[in-house]
Amino acid sequence: ASFNSWNGNKIHGDEYLLIDVLKEKMGFDGFVVGDWNGHGQIQGCTNANCPQAANAGLDMYMVPTAAWKPLYENLIAQAQDGTIPMARIDDAVRRILRVKMRAGLFDKPSPAERPLSGKTELIGAEAHREVARQAVRESLVLLKNNDNLLPLDPNQRILVAGPAADNIGQQSGGWTISWQGTGNSNEDFPGGTSIYQGIADAVTAMGGEVELAENGQYQQQPDVAVVVYGETPYAEGNGDIDNIDYQRNNPVDQELLSSLKEQGIPVVSVFISGRPMYVNPELNASDAFVAAWLPGSEGQGVADVIVADENGEARYPITGKLPFSWPVDPSQGRLNADQEGYEPLLELGFGLSYGDESTLSN
């Protein structure tokens, strides 16, 4: 259960959804967990007193505050006086035990006694990083590629610009080290690589030159610019928006793209985001555009795909397809392929391969 409401009712207290639909009609036999004192949002409830949630089908309360003790005492009293029927208590206990049995928790040794317990050297192991890097390579989606600009020939001078170019925290998003994923520096990601670092490593290894200038103010005119930008990290309600227009009323990234393009420099956009955004102006100001989503700590995975080998051939194909439709205007926050009047800019499943002709006109 979450903080959501449906038809005006908090889901933590919605018997129809939790019992009638989820448990009975859908046959769900696991258990329903609350979310961070969410039961306290039910009308007539507080964090410390809420039998309504149990009666509605909540099997385990989440109480991260001191309210756990009075809630515990109130629930015992409410079970004893019949406010919460014993059949409901039995059902909740049965569901919780069933899941624990399925997970083998009564047969396995305690976490401290398990074979890999305490082996912190496995965190960030090279084999695990390689899987993450592969995931980055396979999730990139090419939205535009005029004149087959990508993959980039490494035998040239490449400018890497944009606020997310050398920012592992931004490319990782929310729930990264901190709750909102903010306040981090690259040093907080030992072993990780930014997108800039990945490009620099690949290009310099093959004889090219790379300059990092996040504001686009280069020292020497480049042959091509890769601009990395996008959403800054957010989690939960902090990420709620009422309009999907990227940088509405403050188009600083578009201005950077346009400035470089006006100087005759081909521009590649690498867009960081947790969702599709309205970026038509940025698309128009880019010769190539890659939706990179949130690549996390393995920025090298982006470079693997967008930087060619010494002969100008792709080192890895670009194979990603849009898991969401891409909006044609800022009002298309809800954009499902089966809805009436479905007219996105790019349809669900779209994704160019290298060598394909761009379908976007500008």
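The structure we're discussing is the one just above.
Residues numbered from 1 in each chain as written. Predicted model: local features only at pLDDT ≥ 70, side-chain atom pairs only at ≥ 80, totals over all residues. Heavy atoms only, no water.

Q: So what's going on with the environment of I42? Residues and values would help.
A: Along the chain, I42 turns up in the loop between α1 (15-25) and α2 (51-56). The exposure class assigned to I42 is buried, which follows from its relative accessible area of 11%. For the pair I42 and M206, spaced 164 residues apart in sequence, the C-alpha to C-alpha distance is 61 Å. Once you skip the residues sitting within four places of it in the chain, I42 turns out to touch K10, H12, G13, C50, Q52 and A53. (Helix = DSSP H or I, 4+ residues; strand = E, 2+ residues; numbered from the N terminus. Buried < 20%, exposed > 50% of the residue type's maximum accessible area, 1.4 Å probe, protein only. Contact = heavy atoms within 4.5 Å.)

Q: Residue-level account of the pattern of salt bridges, with values.
A: Taken as a whole, this structure holds 15 salt bridges when the rule is applied. Among the salt bridges present, the one from R102 reaches D29, with a minimum N-O distance of 2.6 Å. Of this pair, R102 sits in helix α4 (residues 86-102) while D29 sits in the loop between α1 and α2, and the two are 73 residues apart along the sequence. Since its relative accessible area comes to 54%, R102 is described here as exposed. It is possible to trace a salt-bridge network through shared partners that takes in K23, D59, R88, D91 and R95. (Salt bridge = Lys/Arg side-chain N within 4 Å of Asp/Glu carboxyl O.)

Q: Talk me through the packing of aromatic side chains; I want residue IDs and the actual numbers.
A: All told, the structure shown has nine aromatic pairs when counted by the stated rule. A centroid spacing of 5.8 Å and a plane angle of 40° characterise the contact between F271 and F289, whose relative ring orientation is tilted. Pair noted here: F271 is in strand β7 (residues 267-272) and F289 is in strand β8 (residues 288-293), with a separation of 18 residues, a long-range link. On the accessibility criterion, F271 (0% relative accessible area) is buried. Taking the relative accessible area as the measure of exposure, F289 reaches 0% and is therefore buried. Members of the aromatic cluster, each reached through a chain of ring pairs, are Y229, Y246, F271, F289, W293, F324 and W326. Its guanidinium or amino end placed over the ring of Y316, R137 lies 4.1 Å from that ring's centre, counting from NZ or CZ. (Phe/Tyr/Trp six-rings, centres within 6.5 Å; stacked < 30°, edge-to-face > 60°. Lys NZ or Arg CZ within 6 Å of the ring centre and 35° of its normal.)

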